[in-house]
2 protein chains.
Amino acid sequence: VTYCVSLLTAEGLVFLSDTRTNAGPDNIAAFTKLHVIAPGDRVMGLMTLGNLAVTQAVVTRVTEGLSDSGDQLETLYTTHSMFQAARLVGDAVREVYHRDGEALQAQGLGFDAAFILGGQIAGRRMRVFLVYSAGNFIEIMGDTPYVQIGETKYGKPILDRAMSFETPLEQAIKLGLISMDSTLRSNFSVGAPIDLMVYRRDALVVGLQRRISEDDPYFRMIREGWSDALRRAYHELPAPPWLAGA
Amino acid sequence: VTYCVSLLTAEGLVFLSDTRTNAGPDNIAAFTKLHVIAPGDRVMGLMTLGNLAVTQAVVTRVTEGLSDSGDQLETLYTTHSMFQAARLVGDAVREVYHRDGEALQAQGLGFDAAFILGGQIAGRRMRVFLVYSAGNFIEIMGDTPYVQIGETKYGKPILDRAMSFETPLEQAIKLGLISMDSTLRSNFSVGAPIDLMVYRRDALVVGLQRRISEDDPYFRMIREGWSDALRRAYHELPAPPWLAGA
């Protein structure tokens, strides 16, 4: 299972992803699900959910531009807009589906994939998209300034309560880590280390890229501090007035 | 969608259930999903998830004991043990499946049902069971002293962090309401009012039975207090030390 989340704020973007892949509980490995494109005139983060063979084929197609015919194709390094970049990812998903979908279906496997693509190209707007397995996509806007893929429910309540487009970038990193912690704690098939990438609007260089282990002192402090705060908050709320003899 | 949770503590049991049923967003109604059996020598709570036609058939069977042949059957009012009561619910699910499963399948509908049954019979142990749609069941024990059915994920993190078998009964009610609030807030198809039943171990009478509306002053205070506490807790945690120029 995967958990990836991207937070969209006025100041910039946060990308967070777990690294767990598994083909059953006896076959667990760590693969990055966060791919960073930063050649100088643009920064993009691409996070992936789904069958690793499918997502790797898509990522290879959109970063290396290899086609079946050997021709050099457009890539995330060459598109002129984020919209075009999202369409490129969608087209790549459709190509992979065209190639592998039937064989997967014949083995009883679904064609399961989703992608979060966000970033900025010089002279253009910073944008974030969610690309579906059918290759179509939506843009994430300020009304709901985050997007999740994978095991989304455990980490959603804190985002719904505390996240807004105006949240400072530093605070958004913290919120993302709290959301990730809730997911790690409730679903053992979502696993550390965590990949983090931060992009500050108009910077056109990566603001921060970091692999966060279970032992990372800051992440550990967030995890413990958050647990303590929840337990304290629950203790401080008054008990119900209804129970006789209590 | 449904959310029901039962909390098992040394002092007693808490049952909480939403009341939303829907057959699509344009056909929403409130039906109780918490059935209370309390004839004097026993108290049981039975909470239901699934197709309303299925769950009503099961509840009628185990409370009224009507069989297809018209014979009077054993019911939750007459069983000698909680284990037997759980088996009765399981048998009733199998009967309904036998009767309706094929017709449901022909219409492309799954046979979807689950039940939480808990309580105590005079002279016996207080016990809680989760009965599956196949009619088999498990007992809930102190290691994981709660059981949920339906839309379980949003309300699970707080239980995992703060709930134990030693939690006082009053505090368990509060935890259950926080868990319910997280679910109501993140999934609009889980809806108030909330049905609550509390049973104090060895009492053999219902400790508290209450329908809690959105406007209930205590529930409203819990909802607002919990939101405030989460936001405050997140603000109080320090920002990450990683971001240059922040």
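Keep in mind that this is a model prediction, so the values were computed, not measured.

**Student:** Explanation requested: the sheet that holds strand β11 (residues 194–200) of chain A in the structure shown.
**Tutor:** As a general point, the strands of a sheet are linked pairwise by backbone hydrogen bonds and lie either parallel or antiparallel. Residue and element names in this part refer to chain A. Read from one edge to the other, the open sheet built from 5 strands follows the order β10-β1-β2-β11-β12, with strand pairing classed as antiparallel. Two strands lie at the open edges of the sheet, namely β10 (146–150) and β12 (208–212), each paired on one side alone. Within this sheet the neighbouring strands show an average axis-to-axis angle of 10°, counted without direction. Where strand β2 (residues 12–17) lies against β11, 6 bridges are found, and the strand directions are antiparallel. Across the sheet, the residue bridging to phenylalanine 15 is methionine 197, located in β11. Each of β1 (3–8), β2, β10, β11 and β12 touches helix α4 (residues 169–186); the most contacted strand, β2, lies at about 20° to it.

**Student:** Help me understand the relation of the copies chain B and chain A in this model?
**Tutor:** Both copies of the chain are placed relative to one another by a rotation about an axis and a shift along it. When chain B is fitted onto chain A, the two copies agree to an RMSD of 0.0 Å after a turn of 180° and an axial shift of 0.0 Å. These values place the two chain copies in the arrangement generated by a two-fold rotation axis. Here 100% of the contact residues of chain B are again contact residues in chain A; the copies associate through an equivalent surface.

**Student:** Sorry if this is basic, but what is going on with helix α2 (residues 82–106) of chain B here?
**Tutor:** Each α-helix winds once per 3.6 residues, and so residues spaced three or four apart point in a common direction. All names here are of chain B. For α2, which comprises 25 residues, the first-to-last C-alpha distance of 35 Å matches the rise-based estimate of 36 Å (1.5 Å per residue) to within 8%. The axis of α2 is deflected most strongly, by about 50°, at aspartate 100. Every buried residue belonging to α2 is among Met82, Ala85, Ala86, Leu88, Val89, Gly90, Ala92, Val93, Val96, Gly101 and Leu104, and all of these are buried. A positive backbone phi angle near 75° is found at glycine 108, which sits one or two residues after α2.

**Student:** Looking at this structure, how should I read the pairing of strand β7 (residues 113–121) of chain A?
**Tutor:** The two faces of the sheet receive side chains in turn, since in a regular strand these alternate between them. Residues and elements named next belong to chain A. Counting buried positions along β7 gives 9 out of 9 residues, so the element sits mostly inside the fold. Of the two faces of β7, the one carrying Ala113, Phe115, Leu117, Gly119 and Ile121 and the one carrying Ala114, Ile116, Gly118 and Gln120 are both buried. Where strand β6 (residues 42–50) and β7 come together, 9 bridges link them in antiparallel fashion. Paired with valine 43 across the bridge in β7 is glutamine 120. In this structure, β7 lies alongside strand β8 (residues 127–131), joined through 5 bridges in antiparallel fashion. Within β8, the position partnered with glycine 118 by the bridge is valine 128. Between β7 and β8, which pair antiparallel in sequence order, lie 5 residues; one of them, glycine 123, sits at a positive phi of approximately 80°.

**Student:** Just to check I follow, could you spell out the interface of chain B and chain A for this structure?
**Tutor:** Note on interface size: it is often stated as the accessible area lost on association of the parts. Every contact between the two is made by 54 residues of chain B and, on the other side, 54 residues of chain A. Interface area for chain B against chain A, summed over the two sides, is near 4,700 Å², with a carbon-plus-sulfur share of 67%. There are 4 salt bridges connecting chain B and chain A. Between Glu151(B) and Lys153(A) there is a salt bridge; the shortest N-O distance is 2.9 Å.

**Student:** Any chance you could explain the environment of Gly110(B) here in plain terms?
**Tutor:** Within the secondary structure, Gly110(B) is located in the loop between α2 and β7 (113–121). The sequence separation of Gly110(B) and Thr21(B) amounts to 89 residues, and the corresponding C-alpha distance is 16 Å.

**Student:** I'm lost on unusual backbone geometry in this one. Help?
**Tutor:** Cis geometry is adopted by the peptide bond preceding Pro193(A), which originates at Ala192(A) and carries an omega value of 0°. Within the secondary structure layout, Pro193(A) lies in the loop between α4 and β11. Although it is not a glycine, Asp202(A) adopts a positive phi angle of roughly 70°. Here Asp202(A) lies in the loop between β11 and β12. Phi at Leu204(B) takes a positive value of approximately 60°, unusual for a residue other than glycine.

Reading the values: rules and limits
Residues numbered from 1 in each chain as written. Chains lettered and ligands numbered in written order. Predicted model: local features only at pLDDT ≥ 70, side-chain atom pairs only at ≥ 80, totals over all residues. Heavy atoms only, no water. Pairing = 2+ DSSP bridges. Helix = DSSP H or I, 4+ residues; strand = E, 2+ residues; numbered from the N terminus. Axes fitted to C-alpha atoms, helices over the stretch in contact; angles between N-to-C directions. Contact = heavy atoms within 4.5 Å. Least-squares fit on C-alpha atoms with pLDDT ≥ 70 in both. Expected span 1.5 Å × (residues − 1). Bend = angle between axes of the 7 residues up to and from the residue. Buried < 20%, exposed > 50% of the residue type's maximum accessible area, 1.4 Å probe, protein only. Buried area = accessible area lost by both parts, 1.4 Å probe. Salt bridge = Lys/Arg side-chain N within 4 Å of Asp/Glu carboxyl O.

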